[in-house]
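Spelled out, the chains give:
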Amino acid sequence: NAGVTQTPKFQVLKTGQSMTLQCAQDMNHEYMSWYRQDPGMGLRLIHYSVGAGITDQGEVPNGYNVSRSTTEDFPLRLLSAAPSQTSVYFCASSFLRKNEQFFGPGTRLTVL
Amino acid sequence: DAKTTQPPSMDCAEGRAANLPCNHSTISGNEYVYWYRQIHSQGPQYIIHGLKNNETNEMASLIITEDRKSSTLILPHATLRDTAVYYCIVSLSGAGSYQLTFGKGTKLSVIP
C-alpha cells in the first residue's frame, strides 16, 4: 500500500492564482480530511469527508473548496490564493469508526 | 472536545524511558486519549490511544490515571529517531466525531 499520497510536495503561487492540492489513499478509508499547519502551531482542520459525495467544513474552511467523487481521492482547491494561505497542508484518512488517522507527507505552499 | 495541557519540551537520554505527561482534566466519559507524533516536517503519525485501561503496542505504552484526568505516554527505550513533537489529543471515537484538535504538543529531544 502507498498509504496517503499528496502532490505536489512544494508549490509557489502568486496572489490571486488558483490551484488544486491532490490527495489520494489506497486503504479504502471512508474518512478523509485536510489540515493546515502554520509555523510553531498545531494542525487546524480545513474540510473533511465521511464518504464519496459527502463533505463538511472544519475549523478554517474559508478560501478552500473540496469535493469527494471517489473513495480514494479528496482534492483541496484554493480559489484565489492569498499570502495568509502560505502553510503546510496535510491530508489524512481513516476508517469511519476509528480515529487512527494516517497522514500524508504534506504540501508546502507559498503564496507571494 | 476536552482541552489538553502538555509541557512544551523535554529531554531524554538515548536508551532510557521517555515519559511524556498530559493533563486533560475536563475529559468526558466517552472521550478517548490519543497520542500522535510529528517528526520534523513530516505528517503526524498515530502512536496509541485508550479510554480507561492502560494500553501497550509495539511503539509505546499509555498509562491513564483512574480519574482519567491525566495520562502518560511511555517510550520504553528512546532512540534518536524518537526525537519529535508529541501531541496528546482527547477526542470521541467512532461515528460522529473525527476532528483531531492538535495543540502545540511536547517537543521531545533524545540526547545521545
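Residues numbered from 1 in each chain as written. Chains lettered and ligands numbered in written order. Predicted model: local features only at pLDDT ≥ 70, side-chain atom pairs only at ≥ 80, totals over all residues. Heavy atoms only, no water.

**What about the pairing of strand 8 (residues 84-92) of chain B?**
All names here are of chain B. Basically, it comes down to this: Burial here depends on accessible area, computed with a 1.4 Å probe over protein chains only, as a share of the maximum for the residue type. Under 20% is buried, over 50% is exposed, and the range in between is partly exposed. Strands are runs of DSSP state E lasting at least 2 residues, helices are runs of H or I lasting at least 4, and numbering of each runs from the N terminus. Pairing between two strands is assigned when DSSP locates at least 2 bridges connecting them.
Buried residues dominate strand 8, accounting for eight of its nine residues. Across eight bridges, strand 3 (residues 31-38) lies against strand 8 in antiparallel orientation. Directly across from Q38, in strand 8, lies its bridge partner V85. Relative to strand 9 (residues 106-111), strand 8 runs antiparallel, the two sharing three bridges. Considered in strand 9, the bridge of Y86 is made with T106.

**Details of the nonpolar core**
Counted only if it meets this: Side-chain atoms within 4.5 Å link the members of a nonpolar core, which is a set of buried Ala, Val, Leu, Ile, Met, Phe, Trp, Tyr and Cys residues.
In terms of nonpolar packing, the biggest core is built from 21 residues, with W35, L73, Y86 and L108 of chain B touching the most fellow members. For this core, the secondary structure elements donating two or more residues are strand 2 (18-23), strand 3, strand 4 (45-50), strand 6 (61-64), strand 7 (70-75), strand 8 and strand 9 of chain B. Sort the elements by how many residues they give to this core and strand 8 of chain B lands first, with four residues. Residues L21, M27, F74 and L109 of chain A belong to the second largest nonpolar core, which totals 19 residues.

Coordinates in, geometry out; function isn't part of it.
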